[in-house]
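Architecture at a glance
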Amino acid sequence: MNIDQIALQMLASGKGILAADESTGTMTKRLTAVKVPSTEENRLNFRETLFTSKTASSYISGVILYDETLRQKSSNGTPIPELLRKQNIIPGIKVDAGTKSLAGSPDELITEGLNGLRERLKEYYELGARFTKWRAVYKISSKFPSNAAIISNAHSLARYAALVQEANMVPIVEPEVLMDGNHDMQKCYEVTSSVLYECFNQLKIAKVRLEGIVLKPNMILNGSDSGIKNEAAMVAAKTLACLKNNVPEEVPGVAFLSGGQSEVEATQNLNEINKINDSKFIFTFSYGRALQQSALKKWAENIQDKENVQKVFDKRAFMNSLAATGKWDKSKEIAA
Ligand code: 13P
């Protein structure tokens, strides 16, 4: 399969991506919050429970893994990438090395990980990965994001994407404008527009094939400290307008991050976007917290009780599958 075909498979109708690529540091925070020790075995146990749920393959096209998980074997000895592939789920891998303070604007962040990336990509391909992720983050405040943050992160995303395509994999390009702050939706719209504009400028300079990427942006939301409620219809209208104005038509689709929205909010907003979608883009999910939060709580009650954890996960995956085709409504949450 070439990269364009892989991208389309990641965006297959009614399916989306599970972002289970938390670094060991982030996963430790998540497990500590539910009072489970963050051992290698426990991290695998939770993730394997999700990956083997009966309906996962009906709603999940791909899973983003962390380096540790890509190299692990399931409880019956099957390598995790193979376990996914057998269910027609594409294995992906987070390849950035996290964020550091940006020199020149030390309160902002730059994503690192380009050194040695070409060699790592070769190994990841051999281990079975067919797509990758790199996340850049941008803060909103009266001063931020600075031009330095916008340009340097876009440049890194473009260099990353070019290397990934050279290795015959699909880069998920993830510029995340954070929801933290007291700004309103209009400010988020303006910042996200500038961030996306520069990303595509740099992707073009780097000669990245846009038909062979998946964009993973934030939705357009009011800042989480603004006290303003996010109306789904407004979120959808603004998000769609922002993407139509700033994303070239060659890009096959968009898989949103959830970014701290509640599970139902993330589902409802995606559903509204699909209800009004009059663009060529496919819109689906690439959620981390919004797919895993309730399942993680259930798992923490009894980590041996796979069946009930999978029920909780399957419901969220199904709700988001409905939202990916604009067929979700609140009554489905109760019925499921
Ligand atoms: P959230 O959906 O929890 O924002 O995670 C998605 C992701 O992959 C962030 O890089």
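Residues numbered from 1 in each chain as written. Predicted model: local features only at pLDDT ≥ 70, side-chain atom pairs only at ≥ 80, totals over all residues. Heavy atoms only, no water.

Looking now at the site of the ligand. Close to the ligand lie 13 residues; Lys133, Lys216, Ser258, Gly259 and Arg289 are nearest. Those elements giving two or more residues to the shell around the ligand turn out to be strand S6 (131–138) and strand S10 (282–287). The class makeup of the residues in the shell around the ligand is three nonpolar, four polar and six charged. (Near = heavy atom within 4 Å. Helix = DSSP H or I, 4+ residues; strand = E, 2+ residues; numbered from the N terminus. Nonpolar A, V, L, I, M, F, W, Y, C, P; charged D, E, K, R; others polar.)

Turning our attention to the packing of aromatic side chains. A full pass over the atoms with the stated rule returns six aromatic pairs. With 5.2 Å between their ring centres and 55 degrees between their planes, Phe46 and Trp299 make a pair best called tilted. You can see Phe46 sitting in helix H3 (residues 40–51) and its partner Trp299 sitting in helix H12 (residues 289–301), a full 253 residues away along the chain. Comparing Phe46 with Trp299, the two get one shared label, buried. Centroid distance Phe256 to Phe283: 5.8 Å. Interplanar angle 20 degrees. Geometry classified as stacked. Here Phe256 is found in strand S9 (residues 253–256), whereas its partner Phe283 is found in strand S10, with 27 residues between them in sequence. For Phe256, a relative accessible area of 0% corresponds to the buried category. Phe283 gets classed as buried once you look at its relative accessible area, which sits at 1%. In this structure an aromatic cluster arises from ring pairing among Phe256, Phe281 and Phe283. The ring of Tyr189 has Lys238 sitting right over it, with the charged end atom 5.1 Å from the ring centre. (Phe/Tyr/Trp six-rings, centres within 6.5 Å; stacked < 30°, edge-to-face > 60°. Buried < 20%, exposed > 50% of the residue type's maximum accessible area, 1.4 Å probe, protein only. Lys NZ or Arg CZ within 6 Å of the ring centre and 35° of its normal.)

What follows covers H3. Spanning 12 residues, H3 covers 16 Å between terminal C-alpha atoms, matching the ideal 16 Å at 1.5 Å per step. When you tally the buried positions in H3, you get 10 out of 12 residues, the bulk of the element. Among the residues of H3, those classed as buried are Asn42, Arg43, Leu44, Asn45, Phe46, Arg47, Glu48, Thr49, Leu50 and Phe51. (Expected span 1.5 Å × (residues − 1).)

On to the layout of surface pockets. Of the voids in this model, the largest pocket is the one considered here, and its volume is about 810 Å³. What lines the largest pocket is a set of 34 residues, and nearest its centre among them are Thr26, Arg30, Lys94, Lys133 and Arg135. Counting residues per element, the ones that place at least two in the lining of the largest pocket are helix H2 (24–33), strand S5 (105–111), helix H7 (117–126), S6 and strand S7 (170–177). When the residues that make up the lining of the largest pocket are grouped by side-chain class, the tally is 10 nonpolar, nine polar and 15 charged. (1 Å grid on protein atoms, 1.4 Å probe; cavity = no way out; pocket = protein on both sides within 12 Å on 5 of 7 lines; lining within 4 Å. Points joined across faces, edges and corners; volume = space filled by probe spheres on them.)

Looking now at empty space enclosed by the protein. One pass over the structure, following the stated rule, counts two cavities of 30 Å³ or more. Around the largest cavity, the lining comprises 13 residues; the ones closest to its centre are Val177, Met179, Asn218, Met219 and Leu221. Every residue along the wall of the second largest cavity is listed here: Glu108, Leu109, Val137, Tyr138, Lys139 and Ala149. Put simply, the parts of the chain that give the lining of the second largest cavity at least two residues each are S5 and S6. Here the lining of the second largest cavity is composed, by residue class, of four nonpolar, no polar and two charged.

Mapped onto the elements of the fold, Ala232 is located in helix H10 (residues 232–246). Linking Ala232 and Ala266, residues 34 residues apart in sequence, is a C-alpha distance of 9.5 Å. Residues contacting Ala232, with those up to four places away along its chain left out, are Gln268, Asn269 and Glu272. (Contact = heavy atoms within 4.5 Å.)

Within S6, seven of the eight residues are buried, leaving the element largely enclosed by the surrounding structure. Examined bridge by bridge, strand S3 (residues 90–94) and S6 share three bridges and lie parallel to one another. By the bridge assignment for S6, Lys94 is matched with Lys133. Note: S6 against S7, eight bridges, orientation parallel. Of the residues in S7, the one forming a bridge with Val137 is Glu176. Since S6 and S7 lie parallel, the crossover through helix H8 (residues 147–166) that links them has a hand, and here it is right-handed. (Pairing = 2+ DSSP bridges. Right-handed = clockwise from strand over helix to strand, strands pointing away.)

Next up on the list: the packing of H3 against helix H13 (residues 306–323). As a packed pair, H3 and H13 sit with axes 9 Å apart at the nearest point and diverge in direction by 60 degrees. As the angle between them shows, H3 and H13 are arranged oblique. Classified by chirality, the crossing of H13 by H3 is right-handed. Residues Asn45, Thr49 and Leu50 of H3 touch H13, and the partners they reach there are Lys306, Val309, Gln310 and Phe313. (Axes fitted to C-alpha atoms, helices over the stretch in contact; angles between N-to-C directions. Parallel < 35°, antiparallel > 145°, perpendicular 65-115°, else oblique. Left-handed = near helix turned anticlockwise from the far one by under 90°.)

For the rest of this paragraph, the subject is the pattern of salt bridges. One pass over the structure, following the stated rule, counts 21 salt bridges. Residue Arg316 is joined to Glu333 by a salt bridge in which the shortest nitrogen-to-oxygen separation is 2.8 Å. Pair noted here: Arg316 is in helix H13 and Glu333 is in helix H14 (residues 330–335), with a separation of 17 residues, a long-range link. Considered together, Arg316 and Glu333 belong to a single accessibility category, that of buried residues. Look at the salt bridges and you will find they share partners, linking Asp21, Lys94, Lys133 and Glu174 into a network. (Salt bridge = Lys/Arg side-chain N within 4 Å of Asp/Glu carboxyl O.)

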